[in-house]
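Each chain, letter by letter, is given below.
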Number of protein chains: 2
Amino acid sequence: MQNNPSLRREIPEASLRRLPIYYRSLQGMVAAGASRVSCADLARVLGLDPTQVRKDVEMTGIVGKPRVGYALDELVRWIENFLGWNRPKDAVLAGAGSLGSALLGYERFRRHGMQIVAAFDTDPEKIGQRIHGREVQPLMFLPDFVRQHKTPVGVIATPAAAAQSVADLMVSGGIRAIWNFAPAHIHLPDGFILQNEDLYHSLASLSFKLEANNALRR
Amino acid sequence: MQNNPSLRREIPEASLRRLPIYYRSLQGMVAAGASRVSCADLARVLGLDPTQVRKDVEMTGIVGKPRVGYALDELVRWIENFLGWNRPKDAVLAGAGSLGSALLGYERFRRHGMQIVAAFDTDPEKIGQRIHGREVQPLMFLPDFVRQHKTPVGVIATPAAAAQSVADLMVSGGIRAIWNFAPAHIHLPDGFILQNEDLYHSLASLSFKLEANNALRR
DNA sequence: TTGGAATCGAGAAAGTTTTCTCGATATGCA
DNA sequence: TGCATATCGAGAAAACTTTCTCGATTCCAA
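Numbering of residues starts from 1 in every chain and runs along the sequence as written. Labels are handed out in written order, letters beginning with A for the chains and numbers beginning with 1 for the ligands. Only residues with pLDDT of at least 70 are given local features in this predicted model, and only at 80 or more are side-chain atom pairs given and counted; all residues enter the totals for whole chains, interfaces and linings. Note that the side-chain values use all heavy atoms of the structure and ignore hydrogens as well as water.

**Considering the overall build of chain A**
Helix and strand definitions follow DSSP, with helices as H or I runs of at least four residues and strands as E runs of at least two, each counted in order from the N terminus. When you go through chain A residue by residue, the secondary structure sums to 8 helices and 9 strands. Along the longest, intermediate and shortest principal axes, the C-alpha atoms of chain A span 60 × 55 × 35 Å. When a residue's accessible area, from a 1.4 Å probe over protein chains only, is under 20% of the maximum for its type it is buried; when over 50% it is exposed; and in between it is partly exposed. In chain A, which comprises 218 residues, the share counted as buried stands at 52%. Here the contacts in chain A between residues at least 6 apart in sequence split such that 58% fall between residues at least 24 apart. Carbon and sulfur atoms provide 52% of the accessible area of chain A, an area that totals close to 10300 Å². Contact criterion: two residues are considered in contact whenever any of their non-hydrogen atoms come within 4.5 Å of each other. Accessible surface is estimated by sampling points in the Shrake-Rupley manner with a 1.4 Å probe; for residues, cover comes only from the protein chains shown.

Have a look at this one:
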């Protein structure tokens, strides 16, 4: 089960986002006591196209048996390994508001490739508080922390106005990837990884579909 | 500025998700005192392809002037109208944990097509509490509330295990769209709108890219 | 008034993702 | 053992999205 970097290029984003769905279903099947699974099974449960599932699953590098499918536990491990979920990366959090606090409480991130090891904020009220076991530190300490601990990931849960400067701070400390929850466009130098988690994107999609649905009903 | 339902079909999801990005940039430009904007301007600021921006903007139905672009305030209004962000829909929240509480605090949802008007939970500790001005009610009251107020949207911020049953409850009350924050696959009858907001999707993408990046550095 | 430059709008081309099709192979049953 | 069936794996086709190209229009400056 090796990761050939040359094979790891050119993976469709859409496939990447479907793997967690499979992963979750598979874990449910494990819990239900199953030991083998086929792409057709997965597709049936999730309402997806079987071929699409197969293509996605093939990406991980696993080889199945015709007429049988895959060994359930093996497929789970291949997905974990493919996504790097079995090698959790450290992350720092900027912004300990309600969203940031909620993120700090998500212990399960650890089993999905990430653990938040420190939290930072500018609010004197928040600094020094402990949230889910981590003490909130002054934001200005963030770059040093990242530098010393070689933290690869930064999570931004600040107001939009602060997002870019926080990102710059993270970059200055040597972070390599940013998970941005602030509703703001962030610019990073080339080679840095940016993952935006913008609720307003979903809200746009949801709102539009609802309007279209309204129109249909008239 | 009318919404022709026949024109509102077949909008690429990707375009729908880019509109909020434009919207935000445009508001920044308004704040900066600009009065006109071209697709080229937007593309430059956001690092996107100008043609793509133009195609997306055209979807809203706005007509621009060659050599000039669009009137800034007009474009903002067209996007709002296209997405339905100027006609906020009521929503009920199920699950008043840390994420649910954070969502209740997002007053800005109202300007983006949605307002959470009530919160529900099963935890006796939480029931009766006021969170950001709304009292948490017993989950079993949700269907009646939805029925009486004709609430179109349900937000699920419960643990994964409860997600499907909460969704069924919402459907039974006559909800039409569900915004699901629980990491669970939800099945809805045909015709219902489901928007999944799954942090693990992003985590998969982020983690994978980081691994690929690691591989490059070796 | 006229020429040049910038932009829109629309259609064509290229690229990407999803779906279809088919051959190979393993399993279970007669 | 031999046959029917389910599934993988791979390549082709179809659908969709993004990017390219070009003509039409408007503004600005000479």
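**Observations concerning the sheet that holds strand β6 (residues 134-138) of chain B**
Residues and elements named next belong to chain B. The pairing criterion is simple: DSSP has to find at least two bridges between the two strands. Reading across from one edge, β5-β6-β4-β3-β7-β8-β9 is the order of the 7 strands in this open sheet, with mixed pairing throughout. Each of the sheet's edge strands pairs with one partner strand only, and the pair in question is β5 (130-131) and β9 (193-196). As paired elements, strand β4 (residues 114-121) and β6 share 3 bridges and run parallel to each other. Among the inter-strand pairings, Phe120 is bridged to a residue of β6, identified as Gln137.

**Re the relation of the copies chain A and chain B**
Least squares is used to superpose the copies, and the fit set is the C-alpha atoms of residues whose pLDDT is at least 70 in both copies. Expressed as a screw operation, the relation of chain A to chain B combines 0.0 Å of axial shift with a rotation of 180°, fitting to an RMSD of 0.0 Å. One copy is carried onto the other by what is essentially a two-fold rotation axis. The fraction of interface residues of chain A whose copies in chain B are also interface residues reaches 100%, indicating that both copies meet through the same surface.

**A few points about the protein's contact with DNA strand D**
Near DNA strand D lie 23 residues; those nearest to it are Lys55 and Gly64 of chain A together with Thr51, Pro66 and Arg67 of chain B. Proximity is defined per residue: if any heavy atom of the residue lies within 4 Å of a molecule or strand, that residue is considered near it. Within 4 Å of the protein, the contacting atoms of DNA strand D are drawn from sugar and phosphate to the extent of 64%. Polar contact criterion, stated in full: a pair of N or O atoms within 3.5 Å, where within protein one must be able to donate a hydrogen and the other to accept it, and residues adjacent in sequence count only if both atoms are side-chain atoms. Here a base oxygen of DNA strand D sits 3.1 Å away from a polar atom, N or O, in the side chain of Arg67 of chain A. Within the contact set of DNA strand D, a phosphate oxygen lies 3.0 Å away from a side-chain nitrogen or oxygen of Tyr70 of chain A. At the level of secondary structure, the elements contributing two or more residues to the surface near DNA strand D comprise α3 (50-59) of chain A together with α1 (13-31) and α3 (50-59) of chain B.

**Comments concerning the sheet that holds strand β7 (residues 153-156) of chain A**
Residues and elements named next belong to chain A. The 7 strands are arranged β5-β6-β4-β3-β7-β8-β9 in an open sheet whose pairing can be described as mixed. If you trace the sheet from one side to the other, it starts and ends with β5 (130-131) and β9 (193-196), each paired once. A fitted line through C-alpha atoms represents every axis, and for helices the fit uses only the stretch in contact; the resulting angles, taken between N-to-C directions, go from 0 to 180 degrees. Taken strand by strand, helix α7 (residues 160-173) contacts β3 (89-94), β7 and β8 (177-180), and its axis lies near 165° from that of β7.

**Details of the domain arrangement of chain A**
How big an interface is tends to be stated in terms of accessible area lost as the parts join. If you check the domain split of chain A, you get domain 1 (5-83) and domain 2 (89-201). Centre-to-centre separation of domain 1 of chain A and domain 2 of chain A, based on C-alpha positions: 31 Å. Here the limits of each domain have been adopted from an automatic or database domain assignment.

**Focus on the packing of aromatic side chains**
Residue and element names in this part refer to chain A. Pairing of aromatic side chains here covers Phe, Tyr and the six-membered ring of Trp, requires ring centres within 6.5 Å, and sorts the geometry by plane angle: under 30 degrees stacked, over 60 edge-to-face, intermediate tilted. Under the defined criterion, the tally for this structure stands at 14 aromatic pairs over all chains. Measuring from ring centre to ring centre gives 5.7 Å for Phe120 and Phe145, while their planes differ by 70°; the resulting arrangement is edge-to-face. Highlighted residues: Phe120 in strand β4 (residues 114-121) and Phe145 in helix α6 (residues 142-149), separated in sequence by 25 residues. Judged by its relative accessible area of 0%, Phe120 is buried.

**Let's talk about the protein's contact with DNA strand C**
The full set close to DNA strand C counts 23 residues, and Thr51 and Arg67 of chain A together with Cys39, Lys55 and Gly64 of chain B are the nearest of them. A distance of 3.3 Å separates a sugar or linking oxygen of DNA strand C from a polar atom in the side chain of Gln52 of chain A. Taking Tyr70 of chain B, its side chain carries an N or O atom lying 3.0 Å from a phosphate oxygen of DNA strand C. Elements with a contribution of two residues or more to the surface near DNA strand C: α1 (13-31) and α3 of chain A together with α3 of chain B. Here the residues of the surface near DNA strand C sort into 9 nonpolar, 5 polar and 9 charged. Put simply, Ala, Val, Leu, Ile, Met, Phe, Trp, Tyr, Cys and Pro go in the nonpolar bin, Asp, Glu, Lys and Arg in the charged bin, and everything else, Gly too, in the polar bin.

**Section: the interface of chain A and chain B**
In this assembly, 62 residues from chain A lie in contact with 62 residues from chain B. When the area that chain A buries against chain B is broken down by residue, the three leading residues are Arg176, Tyr200 and Phe208 of chain A, summing to 12%. Salt bridge criterion: a side-chain nitrogen from Lys or Arg within 4 Å of a carboxyl oxygen from Asp or Glu. Where chain A touches chain B, the interface holds 8 salt bridges. Two residues, Glu211 of chain B and Lys89 of chain A, come together in a salt bridge whose shortest N-O distance is 2.5 Å. At the level of secondary structure, the elements contributing two or more residues to the side of chain A that touches chain B comprise α1, α2 (39-46), α4 (72-83), α5 (98-104), β8, β9 and α8 (199-217) of chain A. Top element by residues in the side of chain A that touches chain B is α8 of chain A. It accounts for 19 residues. What gets called buried area is simply the loss in accessible area from a 1.4 Å probe that two parts show on being joined, summed for both.

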